[in-house]
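What follows is the residue order along each chain.
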Amino acid sequence: MADKDSRAGERYAGESILDWVSNVHAGHDAGLEAAFTAPDAEGMPAIQVGPSEGKFLQLMVRLAGAARVVEVGTLAGYSAIHMARALPDDGRLWTIEYEPGHAEVARRNLRLAGVADKVEVCVGAGLDILPTLNEHGPFDVVFIDADKGNYPGYGKWAERNLRRGGLLIADNAYLFGNLMDDSERGAAMRTFHEQTAAAFDSVCVPTPDGMVVAIKR
Ligand code: SAH
Ligand code: DHB
Ligand code: MG
């Protein structure tokens, strides 16, 4: 017994539980790996969702049977690749990115991952671009992961443009641990939680920074 335990200790020494399970369940192929490592390699902020959250988004899009998805906050395309891979052949993802340089890197990664034909990267501010997408709705899934102060506005747009039963998902719902702060951003994120709970059947999943998942009533 002691022998077996110590061998096991050696084999897994230094590998955290979270890294191990994310490798087993949410491992990267070349396309996902390129998008995941792009922010560091390209001097962009490395603020993409984690591999487990990315896989979670992919499974949510599949579970919803989604064909029309909107994302606010593209960065290098990592979460977009996850979600696009859950779409049917005629499915479409519109992803909105404010920084033209990020959008360019994302387009390259989407091509590398083989999903470029399903994804439209829209360059501009979320609140400006979203109304231009109304004509493509109603949507099945909306994923919010951009500037935190505008979450209430993004959530209200989702409320109006999701189909009944559609999913609203939002990253950083704990606001990096600052959700209860007496700040404008704190108040905005609390408003987002409250307005979402009022119009959707919702939960805040305890991911590292909280992820709201909500079904439109
Ligand atoms: N969803 C991505 C990460 C997004 S990071 C992933 O997990 O792979 C947040 C992104 O939102 C950044 O690229 C930032 O440039 C962009 N952003 C910030 N403010 C924005 C705004 N007002 N409208 C659209 N995008 C914005
Ligand atoms: C930041 C944004 C994110 O969406 C995130 O998941 C982590 C950090 C940021 O703006 O710093
Ligand atoms: Mg985020």
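Going by the structure above, here's the rest.
Everything numeric here is computed off the predicted structure, so don't read it as measured data. (Residues numbered from 1 in each chain as written. Chains lettered and ligands numbered in written order. Predicted model: local features only at pLDDT ≥ 70, side-chain atom pairs only at ≥ 80, totals over all residues. Heavy atoms only, no water.)

Trainee: Please clarify how the site of ligand 2 should be interpreted in this entry.
Mentor: As a matter of local geometry, ligand 2 sits amid Ile47, Asp145, Lys148, Asp171, Asn172 and Phe176. Between ligand 2 and aspartate 145, the relevant distance is 2.8 Å, taken from an oxygen atom to a side-chain nitrogen or oxygen of the residue. Here lysine 148 contributes a side-chain N or O atom positioned 2.9 Å from an oxygen atom of ligand 2. In the complex, 64% of the free accessible area of ligand 2, which totals 300 Å², lies under the protein chains. (Near = heavy atom within 4 Å. Polar contact = N/O pair within 3.5 Å; in protein donor to acceptor, adjacent residues only side chain to side chain. Areas by Shrake-Rupley, 256 points an atom, 1.4 Å probe, with all protein chains shown as cover.)

Trainee: How should I be thinking about the pattern of salt bridges in this particular structure?
Mentor: Considering all chains together, one arrives at seven salt bridges under this definition. Linking lysine 156 and glutamate 159 is a salt bridge whose minimum nitrogen-to-oxygen distance equals 3.3 Å. Taken together, the positions of lysine 156 and glutamate 159, both in helix 8 (residues 151–161) and three residues apart, correspond to about one turn of that helix. Of the residues examined, glutamate 159 reaches a relative accessible area of 21% and is grouped as partly exposed. (Salt bridge = Lys/Arg side-chain N within 4 Å of Asp/Glu carboxyl O. Helix = DSSP H or I, 4+ residues; strand = E, 2+ residues; numbered from the N terminus. Buried < 20%, exposed > 50% of the residue type's maximum accessible area, 1.4 Å probe, protein only.)

Trainee: In this structure, what is going on with the pairing of strand 7 (residues 211–216)? I would like to understand it.
Mentor: In terms of residue burial, strand 7 counts as a mostly covered element, since five of its six residues are buried. Looking at chain direction, strand 5 (residues 162–170) and strand 7 are connected through four bridges and run antiparallel. For isoleucine 169, the partnering residue across the bridge sits in strand 7 and is valine 213. Sheet topology note: the strand 6 (residues 200–205)/strand 7 ladder contains six bridges and is antiparallel. Bridging across to strand 7, phenylalanine 200 finds its partner in lysine 216. Here strand 6 folds back onto strand 7 in antiparallel fashion, the turn holding five residues, of which glycine 210 has a positive phi close to 75°. (Pairing = 2+ DSSP bridges.)

Trainee: Even after reading the chapter, I still don't get the pairing of strand 3 (residues 119–123), so can you show me in this structure?
Mentor: Along any regular strand the residues' side chains alternate between the sheet's two faces. Of the strand pairs in this sheet, strand 2 (residues 92–97) and strand 3 are connected by five bridges, and their pairing is parallel. When the sheet's bridge partners are listed, tryptophan 94 is paired in strand 3 with glutamate 120. A crossover links strand 2 with its parallel partner strand 3, the connecting element being helix 6 (residues 100–112), and its sense is right-handed. (Right-handed = clockwise from strand over helix to strand, strands pointing away.)

Trainee: Sorry, what's going on with helix 4 (residues 51–63) here?
Mentor: For an α-helix the count is 3.6 residues per turn, leaving residues at separations of three or four pointing the same way. With 13 residues, helix 4 ought to run about 18 Å at 1.5 Å a step, and its terminal C-alpha atoms sit 18 Å apart, in line with that. All buried positions along helix 4 are accounted for by Pro51, Glu53, Gly54, Leu57, Gln58, Met60 and Val61. One or two residues past the end of helix 4 sits glycine 65, with phi positive at roughly 60°. (Expected span 1.5 Å × (residues − 1).)

Trainee: So what exactly am I meant to see when it comes to the coordination of the magnesium ion (ligand 3) here?
Mentor: Coordination angles at a metal have ideal targets, namely 109.5 degrees for four tetrahedral donors and 90 or 180 degrees for six octahedral donors. Within the protein, Asp145 (OD), Asp171 (OD) and Asn172 (OD1) serve as the donor atoms for the magnesium ion (ligand 3), at 2.0 to 2.1 Å. Between the donor residues of the magnesium ion (ligand 3), the gaps in sequence give the motif D-x25-D-N. With aspartate 145 in the loop between strand 4 (139–144) and helix 8 and asparagine 172 in the loop between strand 5 and helix 9 (184–199), the pair connects residues that are 27 residues apart, well separated along the chain. Each member of the pair, aspartate 145 as well as asparagine 172, carries the same accessibility label: buried. (Donors = N, O, S within 2.8 Å, 3.2 Å for Na, K, Ca; no water.)

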